[in-house]
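# Observations on the three-dimensional arrangement
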There are 2 protein chains.
Amino acid sequence: MKHKVTIRDLAKAAGVSVTTVSQILNGKGQRFSQATQQRVLELRDQMNYVPDFNARNLIMRSSKTIGVLVPNIGNPFFSTFIRGVQEAARQAEFMPLIFSANHEEKLERYYLGRLIERAVDGLIIASSSITTDTIEQLLKPNDIPYLLFDQNEANGGDRLLIDDYQGGYLAAEHLAGLGHQHVVSIMPENMTDNLNHRLRGLIDGLRKHHVDFNEQTDVIYGELTKHGGYSCTKGVLEEHPTAVFAANDEMAIGLYRGLAENGVSVPDDISVVGFDDIDLAEYVTPKLTTIQQPIREIGEQATKMLFNRIQNPDTAIQTSYFGVKLVVRDSTKQA
Amino acid sequence: MKHKVTIRDLAKAAGVSVTTVSQILNGKGQRFSQATQQRVLELRDQMNYVPDFNARNLIMRSSKTIGVLVPNIGNPFFSTFIRGVQEAARQAEFMPLIFSANHEEKLERYYLGRLIERAVDGLIIASSSITTDTIEQLLKPNDIPYLLFDQNEANGGDRLLIDDYQGGYLAAEHLAGLGHQHVVSIMPENMTDNLNHRLRGLIDGLRKHHVDFNEQTDVIYGELTKHGGYSCTKGVLEEHPTAVFAANDEMAIGLYRGLAENGVSVPDDISVVGFDDIDLAEYVTPKLTTIQQPIREIGEQATKMLFNRIQNPDTAIQTSYFGVKLVVRDSTKQA
């Protein structure tokens, strides 16, 4: 196998030493003749020489990369989040290395290990299954800056906080205002703190409006995916609610399918409220009423906070808050 | 900023030289005492030492990474494709570095340049806007193995071929069999070869069944996204077709929205056929009739072919073919 064009090839073609080429390419070629400088630069372009980053990497002690670990790249929430990360990373000339762990903790550990081996400068971990243990074992000893998102609150690093409680509360006020007296929620079994806050906000909002919520029977559990929402259908129908609050839009869209298959109409028979406002929310029928998070901005801000931490490792704990808002579309109506 | 645990830290803690540690960790520690070997291995675990891949990288002349460039990570087609890539890559202990260029050629060139700098071992380029020029300029001189997917056929490298023509033909036979006499197609303006084949198969299939297709007026153009399909609505309605063949499922789902907003019912007023069979196809209402590609298998096969090329650079041109099939759901009915 041939190799990429090296500095040696370039030196040979120019008839000068590797050191000469290196100095000219690094803008330190003043002591060489104009002709030599020009020849080297022209050959660089002609031969399509690209410097070896791995060598530079060892010298600079920075790989100019950040790792981004998401649970499920198939959820439009994360593709939009990644878009925000990519934009902020590009401005800073960093490369974001993206990994999707399909909600598997084993795969997450695997990818984290490989990312550390490759000396990423920092990590954004937007993943619900990673444990504090893993973080303690893998990240802290290697002293890699990281930022958690959608995580449990146990540990003390930088983090992004979304007003999930307010989101649940807004959903409750909207549904109670429409006269709904029996609301159920669909949630994953292993609820991370952000989801607990959404549910807590919903319950408090409903109770404020004198709508009862039975935590034993009014939460139906499924995976945090379209298929998970779909799998909640039977459980939801058995409770005879007039409205459903879904943990996220993906679950809501999965439930849409199950309700349609059972001849139950949204919103005529059951109102549905989602969470996230992924782009798909406007493309399903009926259009989904949901709680909007500024997903792309969250991705950008996560990246900026991480860069700040990489450049200023001793900076105080950083926390960013994002508000949410209710977007009323066609999936909710008067009870 | 502190650094990750280095081999020096480990040597210091063990009270031996860096060379000793290196030999023990690389399984060449036989000449040292059992006690020394054990001490080093225990300290490695205790201190969570992870070897520096960038150093190894320079020695091994392989970064054990492949770059994967997709046009739009938000399209479920590509998230499923990436899942296939991840699985095959993991088996080979390679890391796939994933980049989404949002259909922007400039961004594609940027990411390609950065990936080459980082000495990826190979590239999977699943992107419609990259040009032969870019490939000639960036990839060939650096002699990086690559595999094209969803591309124009101009160049001679390894490639995956899907039976797109057959897909269009199957859609035509299905619609003609249902008695449709006026079918239109929604397509992006810059049609890559795979899309040309889909359209050509459709037209040939329709004509075979004596259904006319006017290439001047029966193709309505929009972007290859949900929003693009939505933007075709007016153009479609002006042609008064009884059925629509969409370039992909995303466009079909976008058109669903536009038709619903105009009070046009699928399939009662207009039948719709998509292409890809993304997971979402079963979650929209009505469920989408579409042409199924084995997306995950395609991602796996792309990765295996690339690994073969990396390991055997002089192997003959590799080509893999994948068939497609029609999946009839609820978006098509008798005309």
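No experiment lies behind these values; they were computed from the predicted model shown. (Residues numbered from 1 in each chain as written. Chains lettered and ligands numbered in written order. Predicted model: local features only at pLDDT ≥ 70, side-chain atom pairs only at ≥ 80, totals over all residues. Heavy atoms only, no water.)

## Some thoughts on the domain arrangement of chain A
Under the domain assignment, chain A is made up of domain 1 (7-51), domain 2 (63-159 + 296-319) and domain 3 (164-293). Measuring from the centre of the C-alpha atoms in domain 1 of chain A to the corresponding centre in domain 3 of chain A gives 63 Å. (Domains from an automatic or database assignment.)

## A look at helix H9 (residues 193-208) of chain B
Residue and element names in this part refer to chain B. For H9, built from 16 residues, the straight-helix expectation of 22 Å at 1.5 Å per residue is met to within 8% by its first-to-last C-alpha distance of 22 Å. Those residues of H9 that sit buried are Asn194, Leu195, Arg198, Leu199, Gly201, Leu202, Ile203, Gly205 and Leu206. Contacts made by the buried residues of H9 are with helix H8 (164-177), strand S6 (183-187), strand S7 (219-221), strand S8 (243-246) and strand S9 (271-276). Following H9 by one or two positions, His210 adopts a phi angle in the positive range, close to 60°. (Helix = DSSP H or I, 4+ residues; strand = E, 2+ residues; numbered from the N terminus. Expected span 1.5 Å × (residues − 1). Buried < 20%, exposed > 50% of the residue type's maximum accessible area, 1.4 Å probe, protein only. Contact = heavy atoms within 4.5 Å.)

## Brief notes about the packing of aromatic side chains
Aromatic ring pairs: the centre-centre distance and the angle between the two ring planes describe each pair. Residues and elements named next belong to chain B. Considering all chains together, one arrives at 18 aromatic pairs over all chains under this definition. Here Phe245 and Phe275 contribute two aromatic rings whose centre-to-centre distance is 6.4 Å and whose plane-to-plane angle is 75°, an arrangement assigned as edge-to-face. Pair noted here: Phe245 is in strand S8 and Phe275 is in strand S9, with a separation of 30 residues, a long-range link. Its guanidinium or amino end placed over the ring of Phe275, Arg198 lies 3.8 Å from that ring's centre, counting from NZ or CZ. (Phe/Tyr/Trp six-rings, centres within 6.5 Å; stacked < 30°, edge-to-face > 60°. Lys NZ or Arg CZ within 6 Å of the ring centre and 35° of its normal.)

## Examining the pairing of strand S10 (residues 289-292) of chain B
Residue and element names in this part refer to chain B. As defined by bridge partners, S9 adjoins S10 across four bridges and the pair is classed as parallel. When the sheet's bridge partners are listed, Asp276 is paired in S10 with Gln292. In the sheet, S10 pairs with strand S12 (residues 325-327) via three bridges, with the strands oriented antiparallel. What sits directly across from Ile291, in S12, is Leu326. (Pairing = 2+ DSSP bridges.)

## A short note on the sheet that holds strand S5 (residues 158-162) of chain A
All names here are of chain A. One open sheet accounts for six strands, arranged S2-S1-S3-S4-S5-S11; its pairing is parallel. A single partner strand is all that each edge strand has here, and the edge strands are strand S2 (95-100) and strand S11 (319-322). Strand-to-strand twist across the sheet, computed as the mean angle between neighbouring axes with direction ignored, equals 15°. Summarising the sheet, strand S1 (residues 65-70) and strand S3 (residues 122-126) pair through four bridges and their orientation is parallel. Bridge pairing links Ile66 to Gly122 in S3. Sitting on the sheet, helix H5 (residues 76-91) is in contact with S1, S2, S3 and strand S4 (146-149), with an inclination near 165° to S2. (Axes fitted to C-alpha atoms, helices over the stretch in contact; angles between N-to-C directions.)

## What to know about the sheet that holds strand S10 (residues 289-292) of chain A
Residues and elements named next belong to chain A. Reading across the sheet, the six strands line up as S7-S6-S8-S9-S10-S12 and stay open at both edges, with mixed pairing between neighbours. In this open sheet, the two strands that pair with only one neighbour each are strand S7 (219-221) and strand S12 (325-327). Geometrically, the sheet is characterised by an average inter-axis angle of 25° between neighbouring strands, direction not taken into account. Packed onto the sheet, helix H9 (residues 193-208) meets strand S6 (183-187), S7, strand S8 (243-246) and strand S9 (271-276) and runs at close to 180° relative to S6. Packed onto the sheet, helix H12 (residues 249-261) meets S6, S8, S9 and S10 and runs at close to 155° relative to S9.

## Some points on the pattern of salt bridges
Applying the stated criterion across every chain yields a total of 28 salt bridges over all chains. One salt bridge in this structure joins Arg44(A) and Asp45(A), with 3.3 Å as the shortest N-O distance. In this structure, a network of salt bridges that share partners links the residues Arg257(A), Glu261(A), Glu282(B) and Lys287(B). (Salt bridge = Lys/Arg side-chain N within 4 Å of Asp/Glu carboxyl O.)

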